[in-house]
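Descriptive analysis of the structure
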Amino acid sequence: MKKFVLCVFAAALTVLMLASCGAEGKVELRVYNWQDYMDPEVIEMFEEETGIKVRYNVYDTNENMYNKIKNMNGYSYDVIFPSDYMIKKMADEGLLAEINFDNMPNYKEYIDEQYKGMAYDKKNLYSVPYIGGTVCIAYNPNYVSEAEVHSWDVLWNEKYSKNIFMMDSERDSIAVALIKNGYSINTKNMDELNAAKASLIEQKPLVLAYTSDDAKEKMANEEGWLAVMWSCDITFIEEMNPEIEYIIPDEGTNLWWDAACILENAKYKEEAELFIDFLCRPEIAKMNAEYLQSTTPNKGAYELLDEDVRNNEIIYPPAEVIAKSEMFEDLADYASIYTSIWNEVLGN
């Protein structure tokens, strides 16, 4: 009975959204997301069901997304998918709209309680968890010893010189150096930050390239042997080169969450809520979780996943890995210091 009521509510909301489109279907929902971060069929299904056109654009880092939105006057996008620390930063700056969760029956029914009220949105006002994962090392076992990739130190090993891909992302690459040196990825201690900077400058001659999404194809084509990767990139590499292996080093890693948010100056907020709630349907969340090979916060979708996916420790890390890992936090005034460090690393 409960599910029937929810379906009726969702159907009624869909009719309302369709009515708002007018006869010519003029609503065009603007969605800004990471590259390769949603099953394309999901967009087609939403458009077919609702009649709402989706304009889908992509970005490669949180910082690039933030800078673009921050520097655009007026309406830019409706729905975005920032990471944990960026959600808090944007909410604090008034860039995100509060979500009306009365318009989201699937969120209420299927998003696991453990993923609500997270540190980046403690009052559950601005975000709906979408996909989570880890930062790991992808490596080619034909060239790299499996015994060595259990530590982040492998990325400083001279015998792999010019075969290492690092992320072109200040938080992620600085985090690798911080973890390697035994420090928190959210540190504000200048001695620790300067040590991480020194490590990255020392490593730079060994790095083939600082990359973003193109690292997937480069690793698959064996243009390099080691790469710092988000776990959501695994499936794309495996499709191109199934020999590539993945590991979370013993020191721990960054646990990350990306969430769907609505911009404060969004033009179509109710349609945005409809779209996000559509993503919370178990069968839709399952499609995206399988497409991305990433952690789903949707308990209905999790139950639908194959057992081998649920047992994948890169996607669903065991308790001992979680215990020595961290999520990024908003650095507030220290964000500029991290940016300065990263610019120095790239400039050396």
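No experiment lies behind these values; they were computed from the predicted model shown. Here, residues in each chain are numbered from 1, in the same order as that chain's written sequence. Local features in a predicted model are, by the rule used here, given only for residues with pLDDT of at least 70; side-chain atom pairs are given and counted only at 80 or more, and totals for whole chains, interfaces and linings are based on all residues. Hydrogens and water molecules were not included; the side-chain quantities draw on all heavy atoms of the structure.

This part takes up the pairing of strand 7 (residues 226-230). The buried fraction of strand 7 is high, at five of five residues. For each residue, the accessible area found with a 1.4 Å probe, counting protein chains only, is set against the maximum for its type, and the residue is called buried under 20%, exposed over 50%, and partly exposed in between. Secondary structure elements are defined from DSSP: runs of H or I of at least 4 residues count as helices, runs of E of at least 2 residues count as strands, and each element is numbered from the N terminus. Of the two faces of strand 7, the one carrying L226, V228 and W230 and the one carrying A227 and M229 are both buried. A pair of strands is considered paired only if DSSP assigns at least 2 bridges between the two. The pairing of strand 4 (residues 128-139) with strand 7 spans five bridges and is classified as antiparallel. In the strand pairing of strand 7, I137 is matched with V228. Across two bridges, the pairing between strand 5 (residues 164-167) and strand 7 is parallel. By the bridge assignment for strand 7, I164 is matched with L226.

Only protein atoms enter the 1 Å grid used here, on which a cavity is any set of points holding a 1.4 Å probe that cannot leave and a pocket is any open set flanked by protein within 12 Å on both sides along at least five of seven lines; residues with an atom within 4 Å of a point are listed as lining. Grid points are joined across faces, edges and corners, and a volume is the space filled by probe spheres set on the points. In this structure the tally under the stated criterion is six cavities of 30 Å³ or more. Of the pockets and cavities examined, the largest cavity occupies roughly 230 Å³. Broken down by secondary-structure element, the contributors of at least two residues to the lining of the largest cavity are helix 3 (62-70), helix 4 (84-92) and strand 9 (255-262). Of the residues contributing to the lining of the largest cavity, the split by class is nine nonpolar, six polar and eight charged. What the second largest cavity holds in volume is close to 110 Å³. Looking at the second largest cavity, it is lined by 14 residues, and the ones nearest its centre are P129, Y130, L279, C280 and A285. Looking at the lining of the second largest cavity, the elements with two or more residues in it are strand 4, helix 10 (269-279) and helix 11 (282-292). Residues are grouped as follows: nonpolar covers Ala, Val, Leu, Ile, Met, Phe, Trp, Tyr, Cys and Pro; charged covers Asp, Glu, Lys and Arg; every other residue, Gly included, is treated as polar.

Another aspect to go through is the packing of aromatic side chains. Any two of the Phe, Tyr and Trp rings considered here, Trp counted by its six-membered ring, make a pair once their centres fall within 6.5 Å; the pair's planes then place it as stacked at under 30 degrees, edge-to-face at over 60, or tilted in between. Summed over all chains, the structure comprises 17 aromatic pairs. Their ring planes at 65° and their centres at 5.7 Å tell us that Y37 and Y130 sit as a pair that is edge-to-face. You can see Y37 sitting in the loop between strand 1 (28-34) and helix 2 (40-50) and its partner Y130 sitting in strand 4, a full 93 residues away along the chain. In this pair, the class of Y37 matches that of Y130, namely buried. Of the aromatic side chains, those joined through ring pairs into one cluster are Y32, W34, Y37, Y59, Y77, F81, Y130 and W230. The rule is short: NZ of Lys or CZ of Arg within 6 Å of the ring centre and within 35 degrees of the ring normal puts a charge over the ring. One Lys or Arg, K216, reaches over the ring of F236 and ends 4.5 Å from the middle of that ring.

On to the pattern of salt bridges. What counts as a salt bridge is simple: a side-chain nitrogen of Lys or Arg found within 4 Å of a carboxyl oxygen of Asp or Glu. Per the stated rule, a full pass over the model turns up 16 salt bridges. When the shortest N-O distance is used, the salt bridge between K89 and E93 registers 3.2 Å. Taking the relative accessible area as the measure of exposure, E93 reaches 31% and is therefore partly exposed. Here K159 makes a salt bridge to E148, at a shortest N to O gap of 3.2 Å.

Among the secondary structure elements, T50 is positioned in helix 2. There is a polar contact of 2.8 Å between the side chain of T50 and the backbone oxygen of F46. At 3.1 Å, the side chain of T50 and the backbone nitrogen of I52 are in polar contact. Here a polar contact is taken to be a pair of N or O atoms separated by no more than 3.5 Å, where protein atoms must pair a possible hydrogen donor with a possible acceptor and residues adjacent in sequence count only if both atoms sit in side chains.

Moving on, we get to the side chain of D258. Within the secondary structure, D258 sits in strand 9. This buried residue, D258, is left without a salt bridge; K216 holds the nearest opposite charge, at 12 Å. A distance of 2.6 Å separates the side chain of D258 from the side chain of Y37, its partner in a polar contact. Contacts: residue pairs with any heavy atoms within 4.5 Å of one another. Contacts of D258, omitting those with residues within four sequence positions, involve W34, Y37, F81, P82, S83, P129, Y130 and I131. For this count, His and the chain ends are skipped, Lys and Arg are scored as positive, and Asp and Glu as negative.

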